[in-house]
Structures are given as structure tokens and as C-alpha cells.
Amino acid sequence: MEQISKDMIIGELLRINEGIAPILMGSGMHCLGCPSSQNETLEEACMVHGIDVDDLVNRLNFYLSIRN
């Protein structure tokens, strides 16, 4: 099973599992289609949007654990 880390690029996360997009958007990241998001790490995006990166990483990994 793939594990998410805060240094992964947003574009990479979306390629791992398309179900990650609604989780990111529900967390306040509404710019997933933005070209810069394709080269931004999860940690950088969380910093810009004021989101706790560790909490989000935990939620994404939990999602992947129940989907696989």
C-alpha cells in the first residue's frame, strides 16, 4: 500500500488515488486544478491554506488503508 507523506507533490497524490481529491478539497484546498499545485508539496499547500499537514496526512493514509 502506498503511504502519503507531507513531502509528496499534490499532482503525485492525485495520481495515486482519485478519491484523494475530495478529501483535499474538503480540507480547504480548492485549487487542485491550478498548475502550481502540480509541483507543490502537500506540506507547502497546507502552509498556504492554513491546514495542519500532519492531520491531513493521517486522514489520507487512513482513507488509503480502507480503500485497499
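Residues take numbers from 1 onward in each chain, read along the sequence in its written order. Only residues with pLDDT of at least 70 get local features here, since the model is predicted, and only at 80 or more are side-chain atom pairs given and counted; chain-wide, interface and lining totals rely on the full set of residues. The side-chain numbers reported here are obtained from all heavy atoms of the structure, hydrogens and water having been left aside.

1. Focus: the environment of Glu18
1) Next: Per the convention used, a helix needs a DSSP run of H or I reaching at least four residues, while a strand needs a run of E reaching at least two, with both numbered from the N terminus. Mapped onto the fold, Glu18 is located in the loop between helix H1 (10-16) and helix H2 (20-26).
2) Next: The buried label goes to any residue with under 20% of its type's maximum accessible area, the exposed label to any with over 50%, and the partly exposed label to all in between, with areas taken from a 1.4 Å probe on protein chains only. The class for Glu18 is exposed, based on a relative accessible area of 72%.
3) Next: Separated by 28 residues in the primary sequence, Glu18 and Cys46 have C-alpha atoms spaced 19 Å apart.

2. Considering the pattern of salt bridges
1) Next: Salt bridges are defined by distance alone: a side-chain nitrogen of Lys or Arg within 4 Å of a carboxyl oxygen of Asp or Glu. Overall, the coordinates contain three salt bridges when judged by the stated rule.
2) Next: The residue Lys6 makes a salt bridge to Asp54 at a minimum N-O spacing of 3.9 Å. Of the two residues, Lys6 is situated in the segment before H1 and Asp54 in helix H4 (residues 53-67); the sequence distance between them amounts to 48 residues.
3) Next: For Lys6, a relative accessible area of 34% gives the class partly exposed.

3. Considering the nonpolar core
1) Next: Residues Ile4, Ile20, Leu24, Met29, Leu42, Leu56 and Leu60 are the most contacted members of the largest nonpolar core, which totals 20 residues.
2) Next: Of all elements in the fold, only H1, H2, helix H3 (42-49) and H4 reach the threshold of two or more residues within this core.
3) Next: Here this core gets six residues from one element, more than from any other, and that element is H4.
4) Next: Discounting chain neighbours no more than four positions away, the residues touching Leu60 are Ile4, Ile20, Ile23, Leu24 and Leu42. Remark: nonpolar core denotes a set of buried residues (Ala, Val, Leu, Ile, Met, Phe, Trp, Tyr, Cys) joined through side-chain atoms within 4.5 Å. In what follows, residue pairs with any heavy atoms lying within 4.5 Å of each other are defined as contacts.

4. A look at H3
1) Next: Along H3, the residues classified as buried are Leu42, Ala45 and Cys46. Projected onto a plane normal to the axis of H3, the buried residues spread over an arc of 100° and lie on a single side. Those residues of H3 that are exposed and angled more than 90 degrees off the buried face are Met47 and Val48.
2) Next: The inward-facing, buried residues of H3 abut H1, H2 and H4.
3) Next: Just past H3, the residue Gly50 takes up positive phi, approximately 70°. This arc corresponds to the set of directions leading from the helix axis out to the C-beta atoms.

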